[in-house]
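# Results of the structural survey
What follows is the residue order along each chain.
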Amino acid sequence: MSTNTHAVSRRSFLKTTGALGALAAAAGGAASADAMFGTAPVAFADGQETTTWGHCAINCPGRCSLRFHVKDDEVVWVDTFTSKDAGFDDLQPRACLRGRTYRRWLAHPDRLSYPMKRVGKRGEGKFERISWDEAIDTAASKLKEVIDTYGNEAVFVPYATGVSASTSRPFNRMLNLVGGYLNFYNSYSTAQISCITPYMYGNKQAGGSTLSAAEDAELILIFGSSPTETRQGGLTTHYDWVRLREKTNAKIYIIDPRMNDSVMGHSETWLPINPGTDAAFVAGVAHYLIENDMVDLDFLHTYCVGYDEETMPEAYKGMNMSYYDYIMGLGYDMVEKTPSWASKITGIPAETIEKIAREIGTTKPLYVNQGWGPQRRSNGEWTAWAIMALPCLVGQIGLPGTSNGTREAIQSCSLGKLSAGENPVKKSIPCFLFTDAIDHGPEMTAKNAGVKGGDKLEVGIKYMINYAGNCLTNQHSDINKAHDILADESKCEFILGIDTVMCDSLKYCDIILPDLFRFEQVSQIATGSDHGYMITGQPCTSPKFERKTAYEMASMMAEKLGVKEEFTEGKTEEEWIREIYEGTREKNPALPTWEEAVEQGVYVEKKAPFISMEKFRADPVANALDTPSGKIEIFSEKLLQFTEGWELQDGDTLKGMSTLPPLPVYIPEWYGVESTTDEFPLVLTGFHYRGRIHSSWGFIEDLKEVNPQEAWINPLDAQERGIEQGDTIRVKNQFGIIELLAKVTSRVVPGTVAVSQGAWHMADMYSDPERVDRGGSINTLTTQRPSPLSKGNPQHTNICQVEKVSA
Ligand code: SF4
């Protein structure tokens, strides 16, 4: 029987669709889930059903457990870890709505089943089936040709996050055995905050406290985070968030341009703010705290550098360069950051800023946390830094009930990984700049593009292996520009794609190889949130059609290139996984044996709450931070020196400055509330949607029906444009046009349109002169200009106009 079919019996259809409506409620672990799913096996209990464990391997920290019910070597039902006796406090890594729809993905008509080669133009999506021999031979010989012609610096493995498992980097390992490849650093998710945090806190103690630590707080401030949408699983942050809500008596504020789903049911906690202005809000709060003697001077003078003249580094004393000088209008832009000043930028009334500042100054413990949305902006490094400075101002770091203003800690089980070996190529680029490196690599330098490991690139990218990623176009920025760069075959000469399903990025590949899911092979993953867990999975069915594991594919390429023995070291993938696990178990004998791990599938490690920087707070000398001063750096001399001579563009820094600001200031965005135009009068911001993890699941019809792609628009803005709920609208700007449905709602601030990221790009790139994207991918409208310090993606920084599509 073919697996490439949608044949679904009426019985299983009713069971599945009936369950879908209740799934959102089930994720998170209420005992009622058993009532919904507990009888599932009975429906197939005719003596032939077997079950296997597997895990969700998508770029979601949940990586939840999946349980596959199999009959005649076909998956007939997918559920997850459940227990009849589960209580609210029991730890269960249950899959969310998305994970429970895997059967649709497994047997989707767009599932890749055979190797294919491109027969149309790049991006057209025309392919024909070829043999494995031809596919591997072509991919390996093109690789050799590129290395011989340009050197290994011309080879690249783009940022991709579609697979998380202990053996998820086989192609990097293979490439390292043939001379290596151009590295990348940072990520599409966290470039700005990951870059700035070490300047302030160093590397060693830079993580936040767990959400469980917030149970001791009296006041909780959360900037731009919505675990209910982004981290939905039964034992990931959504569960921790719901649990915290149940346990705490603290007052909570969620500061976000959108009343996100994590606010729902507690609407008083939403503090609406204009996108990209969090640093201005913090500056307004800081001004109030200073004026009203509410800052903790003892803490700032003992633990921090750069708050005021007394704590400035020697070389910068007497120059009005402290944080105090910035806030009080005595230095830098010479503007006093009063609550009224902040109000005009943030859209939050000055009285509200003062009220919250008073609460911050008088309520302890204070737990400050930020998601990754506020930092994924043109001013993201300074936004993240400003939020981190807030708890420092009132000394709320390293104590019970506090956090240091970064994202909450994740307490994972530990598990080793298949080594990718050492890369002989030492140069690396920011991952977001790969299209620049294809287009004009030799023009990229350390000072204009953040090249590391050398002063400049010698050659552009000529060969790419895109494994389980949709960042060539869909998840990259300015898709129209990305298309033009990738479609020119004289630039990147060969692209190899490996995935489970045909997505937009794969349409630009020259050869495509069909991958097996991690639950169609032996696989293991460790993850966690407040608590840690590990899933050990077995193949749910035999491999169908001509699909193979990525490890097999990389082995085949290694063989063609004469390095198979070094690649495999004589081991199968399963043998590697077992060896890695045994190595982990030697360090942690509490882990079950391999056989027990396979049998039980799910292993949970209960963890105590973690308070960040507790040791530093207790003894800042013995436990000094690994910053240059050993203290928290609110002013960073290191940043100033590192970026000296960098080539900056208009808007990268404060007006009148020629260097990047060495402290947490508010920088107006290039495309933000202070730079809208008559042509594009609205701000456009992205968000992560409950129906997808990035673009994963973006093609599953059932999920799209429950979570349609919509542009959130405030009733005031909609009325002005004659737009009503459910209308088809166009959102356009200088980069492109998307078409999608209007969600008219006061859950988004006036003047801002919010579009969820990850929808599948759907445009005719060759025949439609406007290239209208009817899938509604926000990246048709985002810029490839990177943020100034980390060179990260600023995909939430956009302006736009909206119009109704006439009937
Ligand atoms: S998408 Fe995330 S929360 Fe949902 S099943 Fe997969 S890992 Fe779990």
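Residues numbered from 1 in each chain as written. Predicted model: local features only at pLDDT ≥ 70, side-chain atom pairs only at ≥ 80, totals over all residues. Heavy atoms only, no water.

Attention now moves to the site of the ligand. Cys56, Cys60, Arg63, Cys64 and Cys96 are the nearest of the 13 residues found near the ligand. Residue composition of the shell around the ligand, grouped by class: seven nonpolar, four polar and two charged. (Near = heavy atom within 4 Å. Nonpolar A, V, L, I, M, F, W, Y, C, P; charged D, E, K, R; others polar.)

When the UniProt feature table is mapped to this numbering, "domain: 4Fe-4S Mo/W bis-MGD-type" (unreviewed entry) covers residues 49–110. Between the end C-alpha atoms of residues 49–110 there is a gap of 27 Å, over a span that is 8% helix and 31% strand. (UniProt positions renumbered as here; feature names shortened; annotations may be inferred. Helix = DSSP H or I, 4+ residues; strand = E, 2+ residues; numbered from the N terminus.)

To continue, consider the sheet that holds strand S27 (residues 798–804). Within the closed barrel, the six strands sit side by side as S22-S26-S23-S25-S24-S27. Their pairing is mixed. On average, adjacent strands in this sheet sit at an angle of 45° to one another, irrespective of strand direction. Summarising the sheet, strand S22 (residues 682–687) and strand S26 (residues 752–756) pair through five bridges and their orientation is parallel. In the sheet register, Gly686 faces S26, and the bridge partner there is Val755. (Pairing = 2+ DSSP bridges. Axes fitted to C-alpha atoms, helices over the stretch in contact; angles between N-to-C directions.)

In this chain, Lys364 is followed by Pro365 through a cis amide linkage whose omega measures -5°. Looking at the secondary structure, you find Pro365 in the loop between helix H14 (350–362) and strand S12 (366–370). Residues other than glycine seldom take positive phi values, yet Asp478 does so here, at roughly 45°. Not every positive phi belongs to a glycine, and Lys791 is a case in point at roughly 60°.

Across the eight residues of helix H13 (residues 339–346), six count as buried, placing the element largely inside the fold. Turning to H13, its buried residues number three or more, namely Pro339, Trp341, Ala342, Ser343, Ile345 and Thr346. Along its buried surface, H13 packs onto helix H10 (278–291), helix H12 (323–327) and H14. Gly347 sits one or two residues past H13 and shows a positive phi near 80°. (Buried < 20%, exposed > 50% of the residue type's maximum accessible area, 1.4 Å probe, protein only. Contact = heavy atoms within 4.5 Å.)

As a further point, take the packing of aromatic side chains. Scanning the entire structure with this criterion turns up 35 aromatic pairs. For the ring pair Tyr114 and Phe545, a centre distance of 5.9 Å and an interplane angle of 75° mean the geometry is edge-to-face. With a gap of 431 residues between them, Tyr114 in the loop between helix H4 (102–106) and strand S4 (116–118) and Phe545 in the loop between strand S19 (532–537) and helix H19 (550–560) connect regions that are remote in the sequence. Here Phe545 falls in the partly exposed class, since its relative accessible area comes to 35%. Summarising the aromatic geometry, the rings of Tyr671 and Phe735 are spaced 6.2 Å apart at their centres and angled 70° between planes, so their arrangement reads as edge-to-face. With Tyr671 in the loop between helix H24 (637–642) and S22 and Phe735 in the loop between strand S24 (728–733) and strand S25 (736–744), the pair connects residues that are 64 residues apart, well separated along the chain. Three or more aromatic residues joined by ring pairs form one cluster here, namely Phe68, Tyr102, Trp105, Phe517, Phe519, Trp697, Phe699 and Trp760. Its guanidinium or amino end placed over the ring of Tyr114, Arg129 lies 3.5 Å from that ring's centre, counting from NZ or CZ. (Phe/Tyr/Trp six-rings, centres within 6.5 Å; stacked < 30°, edge-to-face > 60°. Lys NZ or Arg CZ within 6 Å of the ring centre and 35° of its normal.)

Running from N to C, helix H5 (residues 132–150) and H19 point in directions that differ by 60°, and their axes come no closer than 9 Å. One finds that H5 runs oblique with respect to H19. Between H5 and H19 lies a crossing of right-handed hand. Each of Trp132, Ile136, Asp137, Ala139, Ala140 and Leu143 in H5 lies in contact with H19, whose residues at this interface are Met553, Met556, Met557 and Lys560. Each residue belonging to the contact of H5 with H19 can be placed in one class, and the counts come to eight nonpolar, no polar and two charged. (Parallel < 35°, antiparallel > 145°, perpendicular 65-115°, else oblique. Left-handed = near helix turned anticlockwise from the far one by under 90°.)

Evaluated as defined, the whole model comprises zero disulfides. Of the cysteine sulfurs around Cys304, a residue in no disulfide, the closest is that of Cys392, at 4.8 Å. (Disulfide = S-S within 2.5 Å.)

For Ile713, the position within the fold is in strand S23 (residues 710–713). In this view, Ile713 contacts Ala718, Lys743, Val744, Thr745, Val748, Thr752, Val753 and Val802; residues no more than four positions away in its chain are not counted.

Before going further, it helps to spend a moment on the nonpolar core. Within the largest apolar cluster, 71 residues are counted, with the highest numbers of intra-cluster contacts made by Phe281, Ile360 and Ile632. Aside from chain neighbours lying at most four places away, what touches Phe281 is Phe223, Ile255, Leu271, Ile273, Thr346, Ile348, Ile353 and Ile356. Of all hydrophobic cores here, the second largest spans 57 residues; its members include Cys64, Phe68, Leu506 and Leu703. (Core = buried A, V, L, I, M, F, W, Y, C linked by side-chain atoms within 4.5 Å.)

Annotation of the chain at the domain level lists domain 1 (10–106), domain 2 (116–189 + 425–518 + 544–599), domain 3 (192–411 + 614–642) and domain 4 (682–804). Facing the 12 residues of domain 1 at the interface are 13 residues of domain 4. Taken together, both faces of the contact between domain 1 and domain 4 bury some 1100 Å²; the carbon and sulfur share is 72%. Considering only the surface of domain 1 that becomes buried against domain 4, Leu97, Arg98 and Trp105 emerge as the three largest contributors, covering 52% of it. The tally of links from domain 1 across to domain 4 stands at one salt bridge. The closest approach of N and O atoms between Asp702 and Arg104, which form a salt bridge, is 3.1 Å. The dominant element in the side of domain 1 that touches domain 4, judged by the number of residues it contributes, is H4, at three residues. (Domains from an automatic or database assignment. Buried area = accessible area lost by both parts, 1.4 Å probe. Salt bridge = Lys/Arg side-chain N within 4 Å of Asp/Glu carboxyl O.)

Moving on, we get to the sheet that holds strand S5 (residues 127–129). The strand order across the open sheet formed by six strands is S5-S4-S17-S16-S15-S6, and the pairing between neighbours is mixed. Both outer strands of the open sheet, S5 and strand S6 (155–156), are each paired with one neighbouring strand and no more. Where S6 meets strand S15 (residues 463–467), two bridges bridge the pair, whose relative direction is parallel. Along S15, the bridge assignment pairs Phe156 with Met464.

Okay, the pattern of salt bridges next. Within the structure shown, the criterion is met by 47 salt bridges. For Arg118, the salt bridge goes to Glu489, with nearest N and O atoms at 3.3 Å. Pair noted here: Arg118 is in strand S4 and Glu489 is in the loop between helix H18 (479–487) and strand S16 (494–499), with a separation of 371 residues, a long-range link. Under the relative-accessibility criterion, Arg118 is labelled buried at 16%. Taking the shortest distance from any N to any O, the salt bridge between Arg721 and Glu720 comes out at 3.7 Å. When salt bridges with common partners are traced through the structure, they connect Asp89, Glu215, Arg243 and Lys247 into a single cluster.

Following the sequence through the fold, Asn404 ends up in the loop between helix H15 (380–393) and strand S13 (411–412). Separated by 37 residues in sequence, Asn404 and Tyr367 have C-alpha atoms that sit 7.7 Å apart. In contact with Asn404, other than residues within four places in its own chain, are Tyr201, Gln205, Ala206, Gly207, Gly208, Val368, Met388, Pro391, Ile397, Ser612 and Met613. Within the local environment of Asn404, its side chain forms a polar contact with the backbone oxygen of Gly207, the two atoms lying 3.2 Å apart. (Polar contact = N/O pair within 3.5 Å; in protein donor to acceptor, adjacent residues only side chain to side chain.)

A word on the packing of H10 against H15. The relative placement of two packed helices is expressed as an angle between their axes plus a distance between the axes. Where H10 contacts H15, the two axes come as close as 8 Å, and the packing angle between them is 25°. Put simply, H10 runs roughly parallel to H15. The two elements H10 and H15 cross, and the hand of that crossing is left-handed. Taken together, the residues of H15 that come into contact with H10 (itself represented by Asp278, Ala279, Val282, Val285, Ala286 and Leu289) are Trp382, Thr383, Ala386, Ile387, Leu390 and Leu393. Across the contact of H10 with H15, the residue classes tally to 10 nonpolar, one polar and one charged.

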